[in-house]
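Tertiary structure, described
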4 protein chains.
Amino acid sequence: MTLQLGVIGAGAIGKEHIRRCTHTLQGATVVAVSDINADSVRAAIAFSGINAEACSDAHDVIKASYVDAVLVTSWDPTHEEYVLAAIAAGKPVFCEKPLAVTAEGCRRIVDAEMNAGKRLVQVGFMRPYDEGYQALKKTIDSGEIGMPLMMHCAHRNPEVGENYTTDMAITNTLIHELDALRWLLNDDYRSVQVRFPRSTSATHARLKDPQIVMLETQSGTLIDVEIFVNCRYGYDIQCEVVGEHGIARLPEPASVQLRTAARLSTSILTDWKDRFIKAYDTELQNFINDVKTGQLQGPSAWDGYAASVAADACLKAQETGETIQITLPQRPAFYPR
Amino acid sequence: MTLQLGVIGAGAIGKEHIRRCTHTLQGATVVAVSDINADSVRAAIAFSGINAEACSDAHDVIKASYVDAVLVTSWDPTHEEYVLAAIAAGKPVFCEKPLAVTAEGCRRIVDAEMNAGKRLVQVGFMRPYDEGYQALKKTIDSGEIGMPLMMHCAHRNPEVGENYTTDMAITNTLIHELDALRWLLNDDYRSVQVRFPRSTSATHARLKDPQIVMLETQSGTLIDVEIFVNCRYGYDIQCEVVGEHGIARLPEPASVQLRTAARLSTSILTDWKDRFIKAYDTELQNFINDVKTGQLQGPSAWDGYAASVAADACLKAQETGETIQITLPQRPAFYPR
Amino acid sequence: MTLQLGVIGAGAIGKEHIRRCTHTLQGATVVAVSDINADSVRAAIAFSGINAEACSDAHDVIKASYVDAVLVTSWDPTHEEYVLAAIAAGKPVFCEKPLAVTAEGCRRIVDAEMNAGKRLVQVGFMRPYDEGYQALKKTIDSGEIGMPLMMHCAHRNPEVGENYTTDMAITNTLIHELDALRWLLNDDYRSVQVRFPRSTSATHARLKDPQIVMLETQSGTLIDVEIFVNCRYGYDIQCEVVGEHGIARLPEPASVQLRTAARLSTSILTDWKDRFIKAYDTELQNFINDVKTGQLQGPSAWDGYAASVAADACLKAQETGETIQITLPQRPAFYPR
Amino acid sequence: MTLQLGVIGAGAIGKEHIRRCTHTLQGATVVAVSDINADSVRAAIAFSGINAEACSDAHDVIKASYVDAVLVTSWDPTHEEYVLAAIAAGKPVFCEKPLAVTAEGCRRIVDAEMNAGKRLVQVGFMRPYDEGYQALKKTIDSGEIGMPLMMHCAHRNPEVGENYTTDMAITNTLIHELDALRWLLNDDYRSVQVRFPRSTSATHARLKDPQIVMLETQSGTLIDVEIFVNCRYGYDIQCEVVGEHGIARLPEPASVQLRTAARLSTSILTDWKDRFIKAYDTELQNFINDVKTGQLQGPSAWDGYAASVAADACLKAQETGETIQITLPQRPAFYPR
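Structure report, in brief. (Residues numbered from 1 in each chain as written. Chains lettered and ligands numbered in written order. Predicted model: local features only at pLDDT ≥ 70, side-chain atom pairs only at ≥ 80, totals over all residues. Heavy atoms only, no water.)

**Thoughts on the overall build of chain A**
A count of helices and strands for chain A gives 10 helices and 15 strands. The C-alpha radius of gyration of chain A comes to 20 Å, within 12% of the 20 Å expected for a compact globule of 337 residues. Per-residue burial for chain A yields a buried fraction of 61% across its 337 residues. Taking the intrachain contacts of chain A between residues at least 6 apart in sequence as the baseline, contacts between residues at least 24 apart amount to 72%. Of the roughly 12600 Å² that chain A leaves accessible, carbon and sulfur atoms contribute 50%. The positive charge centre, built from 32 side chains, and the negative charge centre, built from 42, are 3 Å apart in chain A. (Helix = DSSP H or I, 4+ residues; strand = E, 2+ residues; numbered from the N terminus. Rg over C-alpha atoms; globule rule 2.2 N^0.38 Å. Buried < 20%, exposed > 50% of the residue type's maximum accessible area, 1.4 Å probe, protein only. Contact = heavy atoms within 4.5 Å. Areas by Shrake-Rupley, 256 points an atom, 1.4 Å probe, with all protein chains shown as cover. Lys, Arg positive; Asp, Glu negative; His and termini not counted. Charge placed at Lys NZ, Arg CZ, Asp CG, Glu CD.)

**Focus on the interface of chain C and chain B**
Opposite the 19 residues of chain C that make contact, chain B presents 19 residues. Both sides of the chain C and chain B interface together cover about 1500 Å² of buried area, and 47% of this is carbon and sulfur. The largest share of the area that chain C buries against chain B comes from Arg-259, Ala-262 and Arg-263 of chain C, three residues that together contribute 42% of it. Between Arg-259 of chain C and Glu-252 of chain B there is a salt bridge, with its nearest N and O atoms 2.8 Å apart. Counting the contacts that link chain C with chain B gives 12 residue pairs in polar contact (both at pLDDT 80 or more). At the level of elements, strand S11 (236-243), strand S13 (257-260) and strand S14 (263-267) of chain C are the ones that each hand at least two residues to the side of chain C that touches chain B. In terms of residue count, S14 of chain C provides more of the side of chain C that touches chain B than any other element does, five residues in total. (Buried area = accessible area lost by both parts, 1.4 Å probe. Salt bridge = Lys/Arg side-chain N within 4 Å of Asp/Glu carboxyl O. Polar contact = N/O pair within 3.5 Å; in protein donor to acceptor, adjacent residues only side chain to side chain.)

**Topic: helix H9 (residues 277-293) of chain D**
Residues and elements named next belong to chain D. Here H9 is 17 residues long and its end C-alpha atoms lie 25 Å apart, about the 24 Å a rise of 1.5 Å per residue gives. Those residues of H9 that fall on the buried side of the exposure criterion are Ala-279, Tyr-280, Asp-281, Glu-283, Leu-284, Gln-285, Phe-287, Ile-288, Asp-290 and Val-291. One or two positions beyond H9, positive phi appears at Gly-294, with a value near 85 degrees. (Expected span 1.5 Å × (residues − 1).)

**Looking at the pattern of salt bridges**
Working definition: two side chains of opposite charge can pair if their charged atoms are close together. Following the criterion strictly, the structure yields 85 salt bridges over all chains and no others. Across the pair Glu-80 of chain D and Arg-108 of chain D runs a salt bridge, and its minimum N-O distance is 2.6 Å. You can see Glu-80 of chain D sitting in helix H4 (residues 79-88) and its partner Arg-108 of chain D sitting in helix H5 (residues 103-116), a full 28 residues away along the chain. Given a relative accessible area of 44%, Arg-108 of chain D falls into the partly exposed group. As a salt-bridge pair, Glu-240 of chain D and Arg-249 of chain D come within 3.8 Å of each other at their nearest N and O atoms. The same class applies to Glu-240 of chain D as to Arg-249 of chain D, namely buried. Because the salt bridges share partners, they merge into one network encompassing Arg-156, Glu-226, Asp-236 and Glu-252 of chain A together with Arg-259 of chain D.

**Some points on the interface of chain A and chain C**
Counting from both sides, the interface comprises 38 residues of chain A and, opposite them, 39 residues of chain C. Summing the contributions of chain A and of chain C, the shared interface buries around 3000 Å²; its carbon and sulfur component is 53%. Broken down residue by residue, the surface that chain A buries against chain C is led by Arg-195, Arg-198 and Glu-244 of chain A, which jointly contribute 23%. Linking chain A with chain C are zero salt bridges. Put simply, chain A and chain C have 15 residue pairs in polar contact (both at pLDDT 80 or more) between them.

**Remarks on the packing of aromatic side chains**
Within this structure, the stated rule accounts for 24 aromatic pairs over all chains. Taking 6.0 Å as the distance between ring centres and 25 degrees as the angle between the ring planes, the aromatic pair formed by Trp-302 of chain B and Tyr-335 of chain B counts as stacked. Placement of Trp-302 of chain B in helix H10 (residues 301-320) and of Tyr-335 of chain B in the segment after strand S15 (324-325) is noted, with a sequence separation of 33 residues between them. Take Trp-302 of chain B: its relative accessible area is 0%, and that puts it in the buried class. Put simply, the rings of Trp-302, Tyr-305, Phe-334 and Tyr-335 of chain A pair up and form one aromatic cluster. The side chain of Lys-208 of chain B reaches across the aromatic face of Phe-196 of chain B, ending 4.5 Å from its centre. Here the basic side chain of Lys-15 of chain D rests over the ring of Phe-47 of chain D, its NZ or CZ set 4.6 Å away from the ring centre. (Phe/Tyr/Trp six-rings, centres within 6.5 Å; stacked < 30°, edge-to-face > 60°. Lys NZ or Arg CZ within 6 Å of the ring centre and 35° of its normal.)

**Some remarks on unusual backbone geometry**
Between Asp-209 of chain A and Pro-210 of chain A the backbone carries a cis peptide bond, its omega angle lying at 5 degrees. The residue Pro-210 of chain A is located in the loop between strand S8 (189-195) and strand S9 (211-217) in this model. Going from Lys-97 of chain B to Pro-98 of chain B, the amide bond is cis rather than trans, its omega being -5 degrees. Positive phi outside glycine occurs at Arg-232 of chain A, with the angle close to 75 degrees.

**A few points about the packing of helix H6 (residues 131-142) of chain C against helix H7 (residues 168-185) of chain C**
Helix-helix packing is described using two parameters, namely the angle between the two axes and the distance between the axes. All names here are of chain C. H7 packs onto H6 with a crossing angle of 35 degrees between their chain directions and a minimal axis gap of 9 Å. Note on element contacts: H7 touches H6 through Ala-180, Trp-183 and Leu-184, opposite Tyr-133, Gln-134, Leu-136, Lys-137 and Ile-140. Its residues assigned to classes, the contact of H6 with H7 shows six nonpolar, one polar and one charged. (Axes fitted to C-alpha atoms, helices over the stretch in contact; angles between N-to-C directions. Nonpolar A, V, L, I, M, F, W, Y, C, P; charged D, E, K, R; others polar.)

**A word on the relation of the copies chain C and chain B**
When chain C is brought onto chain B, the operation consists of a screw motion whose angular component is 180 degrees and whose axial shift is 0.0 Å, with 0.1 Å RMSD remaining. The transformation relating the two chain copies, once decomposed into turn and shift, fits a two-fold axis. When C-alpha distances to the rotation axis are compared across chain C, the minimum falls at Ser-265 of chain C, with a value of 2.0 Å. (Least-squares fit on C-alpha atoms with pLDDT ≥ 70 in both.)

**Focus: the environment of Ala-46 of chain D**
On the secondary structure map, Ala-46 of chain D appears in helix H2 (residues 38-48). Between the C-alpha atom of Ala-46 of chain D and that of Glu-252 of chain D, which follows or precedes it by 206 residues, the distance is 37 Å.

**Details of the state of the cysteines**
All told, the structure shown has zero disulfides over all chains when counted by the stated rule. Take Cys-153 of chain A: it sits in no disulfide, and the sulfur closest to it among the cysteines is that of Cys-239 of chain A, at 3.9 Å. No disulfide involves Cys-314 of chain C; its nearest neighbouring cysteine sulfur is the one of Cys-153 of chain C, lying 13 Å away. Using a relative accessible area of 0% as the deciding quantity, one classes Cys-314 of chain C as buried. (Disulfide = S-S within 2.5 Å.)

**Looking at the environment of Val-121 of chain B**
Residue and element names in this part refer to chain B. Residue placement: Val-121 occurs in strand S6 (residues 121-123). Judged by relative accessible area, Val-121 falls into the buried class, the value being 0%. Other than its neighbours up to four places away in sequence, Val-121 contacts Val-83, Ile-87, Val-93, Leu-99, Ile-109, Glu-113, Leu-296, Pro-299, Ser-300 and Ala-301.

**What to know about the packing of helix H4 (residues 79-88) of chain C against helix H5 (residues 103-116) of chain C**
Residues and elements named next belong to chain C. Between H4 and H5, whose axes approach to 10 Å, the crossing angle comes to 5 degrees. As summarised for this structure, H4 and H5 are arranged roughly parallel, according to the angle between their axes. In contact with Glu-80, Val-83, Leu-84 and Ile-87 of H4, H5 contributes Gly-105, Arg-108, Ile-109, Ala-112, Glu-113 and Ala-116. Residues of the contact of H4 with H5, tallied by class, amount to six nonpolar, one polar and three charged. (Parallel < 35°, antiparallel > 145°, perpendicular 65-115°, else oblique.)

**Section: the sheet that holds S6 of chain B**
Residues and elements named next belong to chain B. As summarised here, the arrangement of the six strands in space is S3-S2-S1-S4-S5-S6, forming an open sheet in which the pairing is parallel. Two strands close off the open sheet at either side, each with one partner strand: strand S3 (53-55) and S6. On average, each strand axis in the sheet is tilted by 25 degrees relative to the strand beside it, whichever way the strands run. As defined by bridge partners, strand S1 (residues 3-8) adjoins strand S2 (residues 28-34) across six bridges and the pair is classed as parallel. Bridge pairing in S2 places Gly-6 opposite Ala-32. Strand contacts of helix H4 (residues 79-88): S1, strand S4 (69-72), strand S5 (93-95) and S6, with the helix running at about 165 degrees to S5, the strand carrying the most contacts. (Pairing = 2+ DSSP bridges.)

Here it is in structure tokens:
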């Protein structure tokens, strides 16, 4: 019983997901692909050597009778439309982040899914599928360090392009922490403040870099996240949870230990793709498996909405310098933790 | 194009390989299973929910027209017979270690395969598929530490059963290093000596534990391997290569770092299955892929033979206390490095 | 040429400094001791087996013709008076922190010392004498990590007594960072904010624990310091400097690495006395040496004043929840960096 | 009560010990210095700015009525003569390693000291005074890892001069382990074997480098020591004790942790003087203190003799390739553990 997938958006991520479904994962096959650029569709199909229908209209992919489930990897502003269409068609849909470009858009998806009466949407937040984060969550949940009181986090990239601006530190970068930290703590955010240290000389006028985001959760855990996207030395994700009687820290990626030239060292990754590559495989394999068993369990439309509400507050905190409240409506019973 | 696999031996390992092929790997399906115990066959088939033929005779599996390739996971002394039969049938065969219980048996397989004119055999040495070992080999091959001069290794298990005896430290335990170290160094062994420290009080009369095995390679690299199978504290595989201007060490498995109770710590595994679980997946996936492309690249019959020749010398070194020469015939061109 | 020291205050710290001068350090001898409690004086003299004058009045110690220099280790509120008296007597004085209990008091000492025309005062901030901090400063100053942009610090004690209250997190605990971080960065503070996470259940009503203090420096470096005085697991001082192209972190204290019971671990100290014990020796030895060469180089009255001004702002930040400006007058040329 | 020291030998080590006694340690002063080179004496005296007698004959130093104790830091072959003379004069003597250039010479010193009826000799083995080794010994003695079964050690120097030959790997390098490992294990050696891996291309014809020395103790602990004196990357001392239920490892020297240029690293020392500099201070301070209390406790003449007997066996093992027995006479009660 192979799951037949339709893919909307054949850019870099879409092409990679098609390859993943075809050559790495089990139990699914890509049967239809669409993109606003017909050449991209052909290239993606050829790249993975699959026998799939090339569609000019994304809605044809969604509606095709032979498509069991949909992957949305198109341009961000189109996500909402396609996800709503998939829900309307009663088909499970995996949507890359962001679920929608506004919190209102996310909310519309949440409402549509609740009206459909069944979970149909998974958002492409991959960190909960990373083995390191899973081990960290297991440690927290075990009670080994006691109740979490604080978190110290960092999200560092070696460099970003000229088009990356201050707000993107939230919408493109912090967005992963906004999802992952709620999940780790099993908690929601109450407020956020953003502080700007002196900027690195490696940045440009429209990007304040680094930034410190201070998030407070409903239960009072205080989180500082350093975002530093021109840190030069590597791609480095740090996450430390300070509990009542101990501290747990995200594992460093395994690496050969070297003794050379008067240094004892291990390597630090430089490309984000290497850091979470297995998590991408796992999130999509889980989507495929969960669709088959009829019970989606990954990041939900509600999680996408919650991240979007928090991101909006972070942007406002960046602009105002104030501590901004984060007000998320009560979690519907439809979306149990 | 799904590869149709026949599995000979439905004990613990066979059952696990059937599950792996069915639920984890891509591109293969188990279509026939045999075992001397018919109940084991039924149980293994049911465990993975597959639709496979239950055969009472292993040779029926090998001969079945619908079987493309064979996995041999039966009782050690039967490996040689089934591998030779698979070669005779012209079918690719993945054989769990040991390839045969004697070096002569391995040699017969090597000769049969060369007569067949094509690589058909892969031996189930999984360490070359472990990401840590691959990273270590990459470091060595990069020249970053210079020519290897020495290796310091350890193979530690928390405990073994009462039936585990001194010789099994070679045939069950060191056998993995005997394969992996040749591969890492791209070298062969010249001699071996075994030294016995005082034994741990946790052992019994028929098991000297720990042992130190000193291997010398053809190019003069001197390797010490500590084998300690009742070390109590964990399952711990250590491997350090000392080169002319630097040292490289096998990565420790990634683990959450804890600060609790006046200790800064990471965890050490205790079950060998956790340590190489992904390597098992990878070795078999590679076998499946390589069978499809028609070019086996994993550990060969020659590698199985070389490990067996070395193991025989190690056993003699255990008995005599002497330094024993390891004489491997010249590597046939049929088996390029 | 042995330096003759007078010690004012024979409590725990005074007694320990007398022992240090007598049995560990070089070039000094304690010749006079005073305390409001005559028994303490006798006990301290007996403890180190020295032949010193027991004085009932601290001013007799300061005035004694045979006393070359003074150590002030008395009750905090008396520091200012004795330091001013030593300055008036033209004698070098080493004063345990705080230099005075108010910033105004510190300022009076600064003014008196400048009027005396010569550095006579060293404040007992010992971290600049810790080898770890020195190595960290050397790394920063080398330019190896580029200009500092942020610091992430932690000051954790396993537990504190019932009398320890929220304000003491600043005056007793953070005070060390307030001195050490200025010194590390060669910078002064511009503002401070204090955030309170949920408190640990191990604290009491008058102590909010932990706290996060956010300091900004004149040049825009943003520093977060976690103060957590009931962290249970150990005495742990962390200090990480994030520069424009690299990060440097205070060394963990050297410790035997253990592999036991499925953990790979090193020890964490639990008693603050063990962490900086050598730094205490070094600071006092340096005072002795510097007095002899006539040029004090350790933490100055100005440093004591700067820490006091910052501490006052921190206390106000605790009370108000606001970001409080830290206004330090311009550094007099009398106190070069 | 200042101890008056006479120093025999004003070369590099003697000069440094004079500086140490004068400017770093407590309770001693150098009052007489001799050397075969009168210029060296003058230079050493001037270097430390002391007021000491310059003697042309070492025996004048030993005999001088104002000399309480003697430091022997002269040319190795003269050690025995001067130590025997000090014993004859009834004066405590600290002698740099080796105690004598032959085991017989060491034995004569042992006999002379026993005849004198009182411990007068301390040998300059400094590792027992290193904090790392002390912590390791404390861990072993605590029983935390169970009975020691094996040790894995390494002694690596970045490079040695052209005059360093194969035998010096024992007499100049391993000699430190020969003393320290007996002390750590509270055990004596039973046999030794030396194995030579392929040599590094950085060595020359008269130096086989690296070497592996396999020592067995009386109680059956098996020790491998890698000696690699042209390892290029640093000065690195490793020592790992494998016990019945755990492993303890010598601490790495504390170092700033860096994240730079895609590496997470700490520094490795390159100069042996930095590694044990504090241990040199401690060993001599302890000698001074112990002379004053009348009870020497440091490495004894017996320890010097035991190291010498072991070194002789190691040299024979190098030459013959055989396992050589190490036969130490029974420890006299005069030298309690």
